Amino acid sequence: MTWSQRRATLDDLDELMALETEIYPDDAWSREIMAGELGNEHGYYLVALADDGAVDAYAGLLAPIGTGQGDIQTVSVAPRARRRGLARSMVLQLLNEARRRGVEELFLEVRVGNEPAETLYRELGFEDLAVRPNYYGPGADARTMRLIVPPARTAPAGG
Ligand SMILES: CC(C)(COP(=O)(O)OP(=O)(O)OC[C@H]1O[C@@H](n2cnc3c(N)ncnc32)[C@H](O)[C@@H]1OP(=O)(O)O)[C@@H](O)C(=O)NCCC(=O)NCCS
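Residues numbered from 1 in each chain as written. Predicted model: local features only at pLDDT ≥ 70, side-chain atom pairs only at ≥ 80, totals over all residues. Heavy atoms only, no water.

Draft legend 1. Layout of the overall build of the chain. For the chain, the count of helices and strands is four helices and seven strands. When the helices and strands of the chain are read in sequence order from the N terminus, they spell out β-α-α-β-β-β-α-β-α-β-β. Computed over its C-alpha atoms, the radius of gyration of the chain comes to 16 Å, within 12% of the 15 Å expected for a compact globule of 159 residues. Projecting the C-alpha coordinates of the chain onto the three principal axes gives extents of approximately 45 × 40 × 30 Å. Expressed as a percentage of contacts within the chain between residues at least 6 apart in sequence, the contacts between residues at least 24 apart total 58%. Just so you have it, the chain exposes about 9000 Å², and 49% of that area is on carbon and sulfur atoms. Placing the 17 positive and 25 negative side-chain charges of the chain at their respective mean positions leaves the two points 5 Å apart. (Helix = DSSP H or I, 4+ residues; strand = E, 2+ residues; numbered from the N terminus. Rg over C-alpha atoms; globule rule 2.2 N^0.38 Å. Contact = heavy atoms within 4.5 Å. Areas by Shrake-Rupley, 256 points an atom, 1.4 Å probe, with all protein chains shown as cover. Lys, Arg positive; Asp, Glu negative; His and termini not counted. Charge placed at Lys NZ, Arg CZ, Asp CG, Glu CD.)

Given below as structure tokens:
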């Protein structure tokens, strides 16, 4: 199976909500929240489409131009599509978009103990900033992580 990625639009709302409720059965975003995310002028969402047509992943950035700061809002990959590098690839694309918007500090929240996600973010250079007790509900703490956005890497010509 291979996947292609493109920017998400409100037309993707139904498929994103189907995946959202599958991945987060206990605390999925409501349709209204997801629609607000997709329609937010300061947002930037990507979807990954499998070659069978299914939306298998999405990831979103919120980065108002002029603030120098941005947030990774979500990174969500269908179980069948995990460990193929989709999340890493999407976060790197969000990072490029953040850089384009002048973001210097990129933040995110991840549930403490969500080892796949914490490992992914650490591998990409995010560092621990704080723990926010009960952020996701009683006993479900959030870790706030931050990446100081590095300059774009360019390869030497002919190198
Ligand atoms: C976390 C999540 C987004 C990772 O998506 P993914 O597409 O499988 O991740 P990738 O294949 O890009 O993995 C990149 C790296 O992250 C780390 N990683 C990913 N899944 C991991 C796992 N289950 N255990 C340990 N490390 C993991 C690895 O370092 C991996 O690199 P490697 O495969 O070369 O070892 C996915 O598991 C998911 O959707 N989980 C449920 C939703 C969620 O928790 N989202 C994060 C909310 S903050």
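Moving on, there is more to tell.
Draft legend 2. Broad picture of the sheet that holds strand β2 (residues 43-50). The sheet built from seven strands is open, its strands ordered β1-β2-β3-β4-β5-β7-β6 with mixed pairing. Across the chains shown, the open sheet's two edge strands, defined by having one partner strand only, are β1 (3-7) and β6 (127-132). Recorded for the sheet is a direction-independent mean angle of 25° between the axes of neighbouring strands. One ladder, built from seven bridges, connects β2 with strand β3 (residues 55-62); its direction is antiparallel. Among the inter-strand pairings, L46 is bridged to a residue of β3, identified as A59. (Pairing = 2+ DSSP bridges. Axes fitted to C-alpha atoms, helices over the stretch in contact; angles between N-to-C directions.)

Draft legend 3. Main features of the pattern of salt bridges. Applying the stated rule across the entire model yields 13 salt bridges. For R100, the salt bridge goes to E97, with nearest N and O atoms at 2.9 Å. You can see R100 and its partner E97 sitting in helix α3 (residues 86-100), three residues apart, about one turn around the helix. Owing to a relative accessible area of 62%, R100 belongs among the exposed residues under this scheme. With a shortest N-O distance of 2.6 Å, R146 and E105 are connected by a salt bridge. (Salt bridge = Lys/Arg side-chain N within 4 Å of Asp/Glu carboxyl O. Buried < 20%, exposed > 50% of the residue type's maximum accessible area, 1.4 Å probe, protein only.)

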